[in-house]
Amino acid sequence: MKQLTLSKGFKPNLIGLPDLSLISLPEPETVALSAVDIPYIRPRVLVKENEPVLAGTPLICDKRDDRIKFVSPGSGRVKKIVFGPRRKLIEIIIARDGKDESICFDPVGEERIDETDTADLVNMLMDGGLWPCFRQFPSRDTADAESRPPMIIVAMNGNDPFSPHPGLVLENETPFFEFGLRVLKRLTDRIVVAARKDCIDRLGPAGAHVTHQVESFYPSWDPGVVLYQLKSSVEENRSWTIPAAHLVLVARFLLSGKYPVRRVVTVSRPNDRKPHIVIRQGAPVRDIVGEIPQDSLITTGRFNGRVVDPDSHLGFFESTLTLIRPSAEDEMFGFVVPGFNKPSVSKTFASCLAEAPMELDCNLHGEERACINCGYCTDICPVDLMPSFIMKALQADDIEEALDLGMLDCCRCGLCSYTCPSKIELAHILSQGMDAHFKDTQSS
């Protein structure tokens, strides 16, 4: 096992760390396929309202490649197809019938995996709605099925410091995880399994397959950061990644021929018990989170992710929900008070000396101002970028300069926005620049 040492990042001392207990929620009345967490997709809806569906029935496909499908996480009827502004697809809601009937595919047994044609495996995963589990760098779009990646990174940990513990995700799932690794060997010649140092002891037998141990501070375990430390050629910039939880889904599907719907998620809310939760994919957010205080935010990550509508459903790629309460009150001249309870990267607040975990709130603690070239974003960036310089290049519409400064290496961790004293949404600006560049390259 190799050690990857990261010199930059942030280890937040925050309340809300989930404990290692596991509970199951009752089956929900509705589930949904959310489209808002699927990057770059141009969805084509394949069903109509009131149409009956089974678990595994294709609900949408990607117009760029109609073989890439996203399927229903339950059987029942299409209750509602929700569109947003400009007819943007938000989600397709399924009213469950409680029968849990599923589309059945011809399973690939353990004895057949090594002799099954790779193209047949890919087609089966596409038909079954599991191919989107594979994401390709640098954009993290759905992987190109026609190419063979130089490397596939299996991420044991999620995108948030409080994402589900891999030891619980893989509990009783080691045979499926190992079968998934056999599937990956059909797709690439190099597999990297990266896990946080503080999680390896609880991985059980699956820990024997970890190839790289990373630091325990955020975001050292992000596959983009792992790739940045490992790559030695330009060719490796088109490597793939897949979360360990999704690799188990791939294995379950190939072995059973049925679409797997079980997910393990975490919910972080202040001053409340925080177990890991077993849910059905696409469960309603309100069912998962419970009571939601007024003016609170629900996000899929503290430093990245998206703000979630409480009346919506959890997305395919999402495994963490964080409830952030509003600030109690605005502070006049807050910058001159000691700030014992203000979590911050800066050493200007007394909170840097505190040992007790603190709580994040929804307050910006200031307003957006001009960039002062303080260098905080550069000092914390885990992939050695200069986010403020890239931002200025993008604002000047100089995409070539932004690319020369390494924009495509950005892992979208959000730390640059968190640490910026001028409250500039650097991560959002860089993310928009990457998205615009990707769309330009796709259309050319």
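### Observations regarding the side chain of Q281
Part 1 of the argument: Its location among the elements puts Q281 in the loop between β17 (276-280) and α6 (285-289).
Part 2 of the argument: In this structure Q281 touches V31, P73, Y259, P260, V261, R263 and F316, once residues within four positions along its chain are discounted.

### Side note on the environment of V108
Part 1 of the argument: Note that V108 resides in the loop between β9 (89-96) and α1 (118-127).
Part 2 of the argument: Spatially, the C-alpha atoms of V108 and L255 are 5.3 Å apart, while their sequence positions differ by 147 residues.
Part 3 of the argument: In this structure, V108 is in contact with I113, T116, L121, M124, F179, L254 and L255, ignoring residues within four places of it in sequence.

### Observations concerning the sheet that holds strand β11 (residues 141-142)
Across a sheet, paired strands are connected by hydrogen bonds in the backbone, their directions being either parallel or antiparallel.
Part 1 of the argument: Strand order in the open sheet formed by seven strands is β1-β14-β13-β12-β15-β10-β11, with mixed pairing between adjacent strands. In this open sheet, the two edge strands, each paired with only one partner strand, are β1 (2-4) and β11.
Part 2 of the argument: Where β1 lies against strand β14 (residues 212-214), three bridges are found, and the strand directions are parallel. If you follow K2 over to β14, its bridge partner there is H212.

### Digging into the packing of α1 against helix α5 (residues 244-256)
Part 1 of the argument: The geometry of α1 relative to α5 is characterised by a closest axis approach of 11 Å and an angle of 100° between their N-to-C directions. With respect to each other, α1 and α5 are oriented roughly perpendicular. In contact with L121, M124 and L125 of α1, α5 contributes V250, F253 and L254.

### Some points on the environment of N172
Part 1 of the argument: Mapping N172 onto the fold places it in the loop between α2 (166-169) and α3 (174-185).
Part 2 of the argument: Residue N172 is classed as exposed on the basis of its relative accessible area of 69%.
Part 3 of the argument: For the pair N172 and A402, spaced 230 residues apart in the sequence, the C-alpha separation amounts to 46 Å.

About the cut-offs
Residues numbered from 1 in each chain as written. Predicted model: local features only at pLDDT ≥ 70, side-chain atom pairs only at ≥ 80, totals over all residues. Heavy atoms only, no water. Helix = DSSP H or I, 4+ residues; strand = E, 2+ residues; numbered from the N terminus. Contact = heavy atoms within 4.5 Å. Pairing = 2+ DSSP bridges. Axes fitted to C-alpha atoms, helices over the stretch in contact; angles between N-to-C directions. Parallel < 35°, antiparallel > 145°, perpendicular 65-115°, else oblique. Buried < 20%, exposed > 50% of the residue type's maximum accessible area, 1.4 Å probe, protein only.

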